[in-house]
Amino acid sequence: MRRNVKKSAREMYERFRKSRAGGILYDKGVLYFALAFIIPSVLMLIGFGQKGIHPFGNQQMLVVDLWHQYYPFFRVMSEKLRTGGSFLYSWQNGMGTNFLSLISYYEASPLNLLSVFTPNSATRDALTFILVAKIGFAGAFCSCFLRYTYKRRDFSIVVFSSMFALCSYMLGYYWNVMWFDTIALFPLVMTGVVAICREKKWKLYTLALALSLISNYYVGYFTCVFTLFAFLAAAVIECKGVRDFFIKLWLIIRSSVIGIALGAFMLLPAYEGLKLTYSINNKFPDKLRWYEKWYDIIANLISYSEPAKKEGLPNFACGMLAVVLFGVFLFSAGIKLREKIALTSLLALIFVSCDLNVLNFIWHGFHTTNQIPYRFAFIFCFVLIAAAYRAYDVMTAKGIRIYQLFLLVPAPALVIGLNVWKTVKAQDGFPNEKAVRASLFIAGAYLLIFTAGRLFPFNGRLMRRSVINAALTAAVIAELTSNTIIGVKTVGSSSYTSYPYLNDSVQKLLGVMREDDDNLFSRTEMTSTYTLNDSSLYGYYGVSQFSSSANVSVTRYFRKLGLYASEAGNRYYYRNSTPLVNDLLGINYIISKSSALNNSEMSLEHIAEDGSSHLYRSKYPMSIGFMMDSDVLRLELAAADNPFEFQNDIVMLGTGTKQGIFTRRQLSDVSYANAEGVKSEFGSYSYSVIDPNEKASATLTYDGTAGGYLYGYTKSGSAETIDVKCDGVTADSGISADDYPIAFPMGNGQEGSTFEATLNFEENKSSGSFSMQVYSLDEEAFDMAYSEFADEQLVLTEFSDTKLKGRINVKKRGILYLAIPYERGWSVFVDGKRVSTTKVFDAMLGAEIGPGEHEVELRYFPDGFGKGIVISVSAAIAFLLLLSADNARKKRRRARLAAALPAENDNETEDVKNEEPQGDDRLPRD
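What counts as what
- Residues numbered from 1 in each chain as written.
- Predicted model: local features only at pLDDT ≥ 70, side-chain atom pairs only at ≥ 80, totals over all residues.
- Heavy atoms only, no water.
- Helix = DSSP H or I, 4+ residues; strand = E, 2+ residues; numbered from the N terminus.
- Contact = heavy atoms within 4.5 Å.
- Areas by Shrake-Rupley, 256 points an atom, 1.4 Å probe, with all protein chains shown as cover.
- Lys, Arg positive; Asp, Glu negative; His and termini not counted.
- Charge placed at Lys NZ, Arg CZ, Asp CG, Glu CD.
- Expected span 1.5 Å × (residues − 1).
- Buried < 20%, exposed > 50% of the residue type's maximum accessible area, 1.4 Å probe, protein only.
- Arc of directions from axis to C-beta.
- Axes fitted to C-alpha atoms, helices over the stretch in contact; angles between N-to-C directions.
- Parallel < 35°, antiparallel > 145°, perpendicular 65-115°, else oblique.
- Left-handed = near helix turned anticlockwise from the far one by under 90°.
- Nonpolar A, V, L, I, M, F, W, Y, C, P; charged D, E, K, R; others polar.
- Pairing = 2+ DSSP bridges.
- Phe/Tyr/Trp six-rings, centres within 6.5 Å; stacked < 30°, edge-to-face > 60°.
- Lys NZ or Arg CZ within 6 Å of the ring centre and 35° of its normal.
- Core = buried A, V, L, I, M, F, W, Y, C linked by side-chain atoms within 4.5 Å.
- Salt bridge = Lys/Arg side-chain N within 4 Å of Asp/Glu carboxyl O.
- Patch = residues over 30% accessible without salt bridge, like charges linked within 9 Å, V, L, I, M, F, W, Y side chains within 5 Å.
- pLDDT = per-residue confidence, 0-100.

## Structural notes on the overall build of the chain
The helix and strand inventory of the chain stands at 29 helices and 32 strands. Expressed as lengths along the three principal axes of its C-alpha atoms, the size of the chain is roughly 135 × 70 × 55 Å. Long-range contacts, defined as pairs at least 24 residues apart, comprise 74% of the intrachain contacts of the chain with a sequence gap of at least 6. Of the roughly 39,800 Å² that the chain leaves accessible, carbon and sulfur atoms contribute 55%. For the chain, the separation between the mean place of its 93 positive charges and that of its 87 negative charges on side chains is 15 Å.

Written as structure tokens, this is what we have:
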């Protein structure tokens, strides 16, 4: 009875598999594709659930740059999708940004389009599930590679694909969400490479490469570099002679050119945008240097250990099964030598490229990375998994051999042994003991599974393979689940409910601001940053920006104005400053989230509050554009010693007067706590700490002046923080001064007031130097300068993302200064005629205009976008023509074959008819 049931079940299974639906599920690999997507996705959700990531708890995955950059930009993009805003330019990033260039790195994922269906309140959840989908697609596309390359259609491809989708690279760097589309597409590109070398099929490679570059050009560059070596490896394995090699070389070159050209509409604007950034100035390493010890990198293949999050060794680990099978791949007789050489060479290439500074520099786009090292390490995981799967294929195809069981031991023994040896050598305990024990256990489990597959009798090879697949699936899922939980825990999380900080209050104040503002366009800023892209996060027109596409000229301009700025750090951001700085940046409203301001009475007027948050309006509002004398073009950023002298130069050259607005203030007194100091020149001091174990500080005292407001300036490294008091009342506190130079208001005091600036030195530091320069802003002088500038403002009559129009009454020929970063994408039209643009202060947009009343129009079209569209359209036409030619060639071939077959049959019939029967062949005809 039981035998009949089994027979009936087997017959039903075979009938289903031979049916159309079964053929699609099994023969076409749809079932395994789906499972390779679902399993990693579910395991990632389990990891998030264990960490309490929303909607499973009150945490979120936003950490590091995902907190500061990626999510704020994602929010802007989602808003543009919902409201129909332009993807060419955004005013919510850094005074205005080439948004196409920005999203080409951060937000070009096709999956991001799904955010249009989510409300604004669920945008963070949308990003979480989009990331999970990307990890799922990494597994799904890897299953396509394994199925096509090794011609297997069983559950094993799901197991090994899941290992790639949840390798240590994915788990350590998943907060870099923008990379993961191209990483997911990487196996599809490699499938295309194999298809070219095996069958001369080029379409998959072309389209996958194009989509990879469009989704993220940075990781797409890694794909392009590796494709060169992958093709050579595949050619060694698949090509059939020299002529065949050159035919396929031509195919991959042609397909690569078309694939890159298809993405030109994104790549060219991105390239033009990169030319404005600091990264363009990187220098090639002058000496060879190794980053890590080779045994540390190999030891890091161990499972159950924390992946590198921001710094650390290359994330090469992809499960102990890949390590266990590597010995079989190297030494098994069933794998051809050229295949071993090809894949081992690729592994060695990535291994050495991670460790050698010159190769690492080239791989990272001729750029030295700022944290997050070895960003192409996922390729090592992919190749190692491919090699492991080849070993598994050989072991299970014709039965497991005894010698193969011995080959399973050396690689995991080496990895685990190196971890133990490193611990003994370091003599600092056994911090990785849990990972070693767990890896040893799971490696033993894999060995037992293969041993059982060899020793125990099974009813046929298919049954043996099915049992091994089932056992490996259970073990791998258990290992990946633990690794995923460890990875999510390592990356960390942040509070879901408190992000963005005081958002309800800020949104109410922004609503008040919009009702209060009579202009079509006004900028707003925060007195302190929550993220480094608050304007993108909260949704207002601001000036701060932290991104890889930050305009380095604007960064230098901000630093010269006395604001926080770092060229190498790709950032510039606002902190409460002088009224002239606010006017130069077009800032008319200021929000203080934590408390009321006690240092800006001269320039700001309080108009609203909500809880601890306060909204201020500038007493000296300025349009986005106003006239200056042409002499400002002579001013260079390097000319002035400090931001106050630089602002004096702007006023004097911009208005044609000889009177500045700032004057130096001399020090009244200086006192030290737990330190001794000496003044060397104006604003420069050196000190020595009495007791390095105790806190040390210096307090500098200045006297107020009639009609003037004091501002201080300190260079980076002078102190960790600065606290400012005016007449004993705190004017500001905790001003960061360790990383960047900064200018700051010192209070509302006038003549008779006393100002104190306390510089808190770095702890455990025995000596050092610091600078503190204080200037007085003359209110009357500033009123005169403001009147000069405000008298010739651009009054906007039309405003959109890519177009501004307004009127201006110019008294004499000069430069229209526009508080917009200079880019070649901007065109300026005066009375309908295009005029040439110029850089003002080597950073901002400007145009020369003669006297009279004029209508001014500004239009934006990203530099390189037009050429990119032409190239992409041309590439699409070329692709379709080649596709049509291929299809026509196939039809002709089929027609020739169809014509040849009947003719051959007819000839055979005639031969039979005319054949004379002889001897025993003479048989009666029916």
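## Some points on helix α23 (residues 503-516)
In this model α23 runs 20 Å from its N-terminal to its C-terminal C-alpha over 14 residues, within 8% of the 20 Å that 1.5 Å per residue would give. Among all positions in α23, only Ser505, Val506, Leu509, Leu510 and Met513 are buried. Down the axis of α23, the buried side of the element spans an arc of 135°, and every buried residue falls inside it. The outward face of α23, more than 90 degrees from its buried face, is lined by the exposed residues Asp504, Lys508 and Glu515. Contacts made by the buried residues of α23 are with β5 (523-526), α24 (534-538), β9 (587-592), β10 (604-610) and β11 (613-618).

## Regarding the environment of alanine 471
Relative to the assigned elements, alanine 471 resides in helix α22 (residues 461-491). With 251 residues separating them in the primary sequence, alanine 471 and glycine 220 have C-alpha atoms 36 Å apart.

## Some details on the packing of helix α9 (residues 180-199) against helix α10 (residues 203-215)
Packing of α9 against α10 leaves a shortest axis separation of 8 Å and a crossing angle of 160°. On the basis of the axis angle, α9 is roughly antiparallel to α10. As for how α9 packs across α10, the hand of that crossing is left-handed. Taken together, the residues of α10 that come into contact with α9 (itself represented by Asp181, Thr182, Leu185, Leu188, Val189, Thr191, Gly192, Val193 and Ile196) are Leu204, Tyr205, Ala208, Leu209, Leu211, Ser212 and Ser215. When its residues are assigned to classes, the contact of α9 with α10 shows ten nonpolar, five polar and one charged.

## What to know about the sheet that holds strand β31 (residues 844-849)
Spatial ordering of the open sheet is given by β12-β27-β31-β30, a layout of four strands whose pairing is antiparallel. Unpaired on one side and paired on the other, β12 (625-628) and β30 (837-840) mark the two borders of the sheet. Each strand axis lies, on average, 40° off the axis of its neighbour in the sheet, ignoring direction. Note: β30 against β31, four bridges, orientation antiparallel. What sits directly across from threonine 837, in β31, is alanine 847.

## Describing the packing of aromatic side chains
If you walk through the whole model with that rule in mind, you get 78 aromatic pairs. When the ring of phenylalanine 73 is compared with that of tyrosine 106, the centres are 5.0 Å apart and the planes differ by 65°; the resulting orientation is edge-to-face. Residue phenylalanine 73 is found in helix α4 (residues 64-83), and its partner tyrosine 106 is found in helix α5 (residues 99-106); the two are separated by 33 residues along the sequence. On the basis of relative accessible area, phenylalanine 73 is assigned to the buried category, the value being 0%. Judged by centre distance (6.0 Å) and plane angle (35°), the ring pair of tyrosine 389 and tyrosine 392 falls under tilted. Of the two residues, tyrosine 389 and tyrosine 392 are both situated in helix α18 (residues 378-397); the distance of three residues between them amounts to about one turn of the helix. Considered together, tyrosine 389 and tyrosine 392 belong to a single accessibility category, that of buried residues. A cation over a ring is seen here: arginine 198 above tyrosine 148, with NZ or CZ 5.1 Å from the ring centre. Stacked on the ring of phenylalanine 546, the Lys or Arg arginine 571 has its end atom at 4.2 Å from the ring centre.

## A word on unusual backbone geometry
Cis geometry marks the peptide bond from histidine 54 to proline 55, where omega comes out at 15°. With respect to the secondary-structure elements, proline 55 resides in the loop between α3 (30-51) and β1 (59-60). Cis rather than trans, the peptide bond between tyrosine 499 and proline 500 has omega equal to -10°. The residue proline 500 is located in the loop between β4 (494-495) and α23 in this model. Positive phi, close to 55°, is recorded for leucine 502, a residue that is not glycine.

## Some words on the sheet that holds strand β15 (residues 675-681)
Whether parallel or antiparallel, the strands of a sheet pair through hydrogen bonds between backbone atoms. As summarised here, the arrangement of the three strands in space is β15-β16-β23, forming an open sheet in which the pairing is antiparallel. Here the strands that pair on one side only, and so sit at the sheet edges, are β15 and β23 (767-771). For this sheet, the mean inter-axis angle between neighbouring strands, taken without regard to orientation, is 25°.

## Some remarks on the nonpolar core
Core analysis: the largest hydrophobic core is formed by 184 residues, its most contacted members being Phe160, Trp179, Phe226, Leu325, Ile379, Tyr446 and Phe450. In this view, tyrosine 446 contacts Met320, Leu321, Val324, Leu472, Ala475, Val476 and Glu479; residues no more than four positions away in its chain are not counted. Core analysis: the second largest hydrophobic core is formed by 76 residues, Val581, Tyr620, Ile808 and Tyr822 among them.

## A short note on the pattern of salt bridges
By the definition in use, this model includes 30 salt bridges. Aspartate 732 is the salt-bridge partner of arginine 575, the closest N and O atoms lying 2.9 Å from each other. Within this pair, whereas arginine 575 is found in the loop between β8 (571-573) and α26 (579-585), its partner aspartate 732 is found in strand β20 (residues 729-736), the two being separated by 157 residues in sequence. A relative accessible area of 11% means that arginine 575 is categorised as buried.

## Things to note about a positive patch on the surface
Residues Lys890, Lys891, Arg892, Arg893, Arg894 and Arg896 make up a contiguous surface patch of positive charge. On the secondary structure map, arginine 892 appears in helix α29 (residues 865-914). The class for arginine 892 is partly exposed, based on a relative accessible area of 48%.

## Regarding a nonpolar patch on the surface
Where nonpolar side chains cluster on the molecular surface, the patch consists of Phe861, Ile869, Val873, Ile877 and Leu881 and spans about 450 Å² of accessible area. Note that isoleucine 869 resides in helix α29.

## Overview of the pairing of strand β24 (residues 773-778)
Among the six residues of β24, five are classified as buried, and the element is accordingly described as predominantly covered. Alignment of strand β13 (residues 662-664) against β24, held across three bridges, turns out to be antiparallel. Directly across from arginine 664, in β24, lies its bridge partner tyrosine 775. Summarising the sheet, strand β18 (residues 708-714) and β24 pair through six bridges and their orientation is antiparallel. For tyrosine 713, the partnering residue across the bridge sits in β24 and is glutamine 773.

## Details of the confidence of the model for the chain
Looking at the chain, pLDDT values average 89 and 92% of them are 70 or higher. Below a pLDDT of 50 lies the segment residues 912-926, which in the model reaches two contacts outside its immediate sequence neighbourhood of four places, other chains included.

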